[in-house]
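Observations on the three-dimensional arrangement
The primary structure of each chain is shown beneath.
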Amino acid sequence: MLQLARMEMGVFGSGIPGGEERNEKEASGSEEEDVEDTNEEGEEETKEEGEDETKEEGEDETKEEEKSDVTKDEDHVAESSKADDGAVDALPGCGDEMEEVNADRTGSSKMDENQVEQSDQTTDSETLQIAWETLELARIVFSRQSGQEHKLNEAEAHLRLAEVGLETGQYDQAVGDIQQCLALQSSVLEPDDRRLAETYYSLALALAQAERFDDAVGEFKHASQVLNMRIANIKQKLQVTGEPTADNNNEKDRQELSDLEAILPDIQTKVSP
């Protein structure tokens, strides 16, 4: 009987007074628990999202603050620099001192340029001195030897010494060297040799620089006379030899004649009144 009564209660439990309420309470209780669990999960997610957003906002604010600090520092440095410049300008007598410093720099720059020019002049003088000493030694060596070739070499040394003298403004010394050169050449060379004409021409230029103009004109005339003599001799030689042939190639003489005829008018203009 007891077992049968239990089965009836299991089957007809819903019909027992208070059974439905008990079932509803149990159902609602489970639903409430589910809702609470859901709410708790949502709250946790919301908290996490809020924390992430807070972190990002905090990082952005930190970056902006750093940028702002850097900008402020740069502005502060610029203002400090301007303030320093203003302070320097405001110091009494500072502007004058700066002008004096600039003037000193300009003066020192000019002094450096003058020193460079003086150094260049000193170098040129030393070079010319060395050249003169070398040529003088060569002249002495050649003068102690005999023979036409050595005489011509000695004459060449005199001519180069004259060039150094003209370069250094020693005109009288240059004239003397050229006259000695001419004397040596005249003792060895033919009267119509072009080298004599060249030496006469050089002597005339040296005399002109020494302001001995009348003597210079006389030497220009001597140079012209030598060239005329040379031209006449070449023409006479060409008349004898005739046109160039395989056995007689006088092309060299013809070229020299052409050169002399081109040079002669320039010298003649120097001696014409």
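Residues numbered from 1 in each chain as written. Predicted model: local features only at pLDDT ≥ 70, side-chain atom pairs only at ≥ 80, totals over all residues. Heavy atoms only, no water.

1. Notes on the overall build of the protein chain
The number of helices and strands found in the protein chain is eight helices and zero strands. The linear arrangement of helices and strands in the protein chain, starting from the amino end, is α-α-α-α-α-α-α-α. In the protein chain, which comprises 273 residues, the proportion classed as buried is 18%. Within the protein chain, residue pairs in contact and separated by at least 24 positions form 53% of the contacts whose partners lie at least 6 positions apart. Surface exposure of the protein chain reaches about 20,300 Å², of which carbon and sulfur atoms provide 49%. (Helix = DSSP H or I, 4+ residues; strand = E, 2+ residues; numbered from the N terminus. Buried < 20%, exposed > 50% of the residue type's maximum accessible area, 1.4 Å probe, protein only. Contact = heavy atoms within 4.5 Å. Areas by Shrake-Rupley, 256 points an atom, 1.4 Å probe, with all protein chains shown as cover.)

2. Describing the pattern of salt bridges
By the definition in use, this model includes nine salt bridges. We note a salt bridge from glutamate 136 to arginine 139, for which the minimum N-O separation is 2.7 Å. Residue glutamate 136 and its partner arginine 139 are located together in helix α3 (residues 94-143), separated by three residues, close to a single helical turn. In this structure, glutamate 136 and arginine 139 share a single accessibility class: buried. Aspartate 215 serves as the salt-bridge partner of arginine 212, at 3.3 Å between the closest nitrogen and oxygen. On the accessibility criterion, arginine 212 (32% relative accessible area) is partly exposed. You can call aspartate 215 partly exposed: its relative accessible area is 37%. Through salt bridges with shared partners, a single ionic network connects Glu156, Arg160 and Glu163. (Salt bridge = Lys/Arg side-chain N within 4 Å of Asp/Glu carboxyl O.)

3. Considerations on the packing of helix α4 (residues 148-167) against helix α5 (residues 171-186)
Where α4 meets α5, the axes come as close as 8 Å, and the angle between the chain directions of the two elements is 165°. Regarding the angle of α4 to α5, the classification is roughly antiparallel. The hand of the α4/α5 crossing is left-handed. Along its contact with α4, which presents Lys151, Leu152, Glu154, Ala155, His158, Leu159, Leu161, Ala162, Gly165 and Leu166, the element α5 presents Tyr171, Ala174, Asp177, Ile178, Gln180, Cys181, Leu184 and Gln185. Within the contact of α4 with α5, the residues separate by chemical class into 11 nonpolar, four polar and three charged. (Axes fitted to C-alpha atoms, helices over the stretch in contact; angles between N-to-C directions. Parallel < 35°, antiparallel > 145°, perpendicular 65-115°, else oblique. Left-handed = near helix turned anticlockwise from the far one by under 90°. Nonpolar A, V, L, I, M, F, W, Y, C, P; charged D, E, K, R; others polar.)

4. Examining the nonpolar core
Ranked by internal contacts, the top residues of the largest apolar core, which has 29 residues, are Ile178, Leu196, Tyr200, Leu203 and Leu227. For this core, the elements supplying multiple residues, two or more each, are α4, α5, α6 (194-209), α7 (213-241) and α8 (251-271). Sort the elements by how many residues they give to this core and α7 lands first, with eight residues. Once residues within four sequence positions are removed from consideration, tyrosine 200 is found in contact with Leu182, Glu219, His222, Ala223 and Val226. (Core = buried A, V, L, I, M, F, W, Y, C linked by side-chain atoms within 4.5 Å.)

5. Some details on the packing of aromatic side chains
This model, assessed by the stated rule, comprises one aromatic pair. Each ring, one from tyrosine 201 and one from phenylalanine 220, has its centre 5.4 Å from the other, and the planes form 65°; the classification is edge-to-face. Of this pair, tyrosine 201 sits in helix α6 while phenylalanine 220 is found in helix α7, placing the two residues 19 residues apart along the sequence. (Phe/Tyr/Trp six-rings, centres within 6.5 Å; stacked < 30°, edge-to-face > 60°.)

This is a description of form; function is not addressed.
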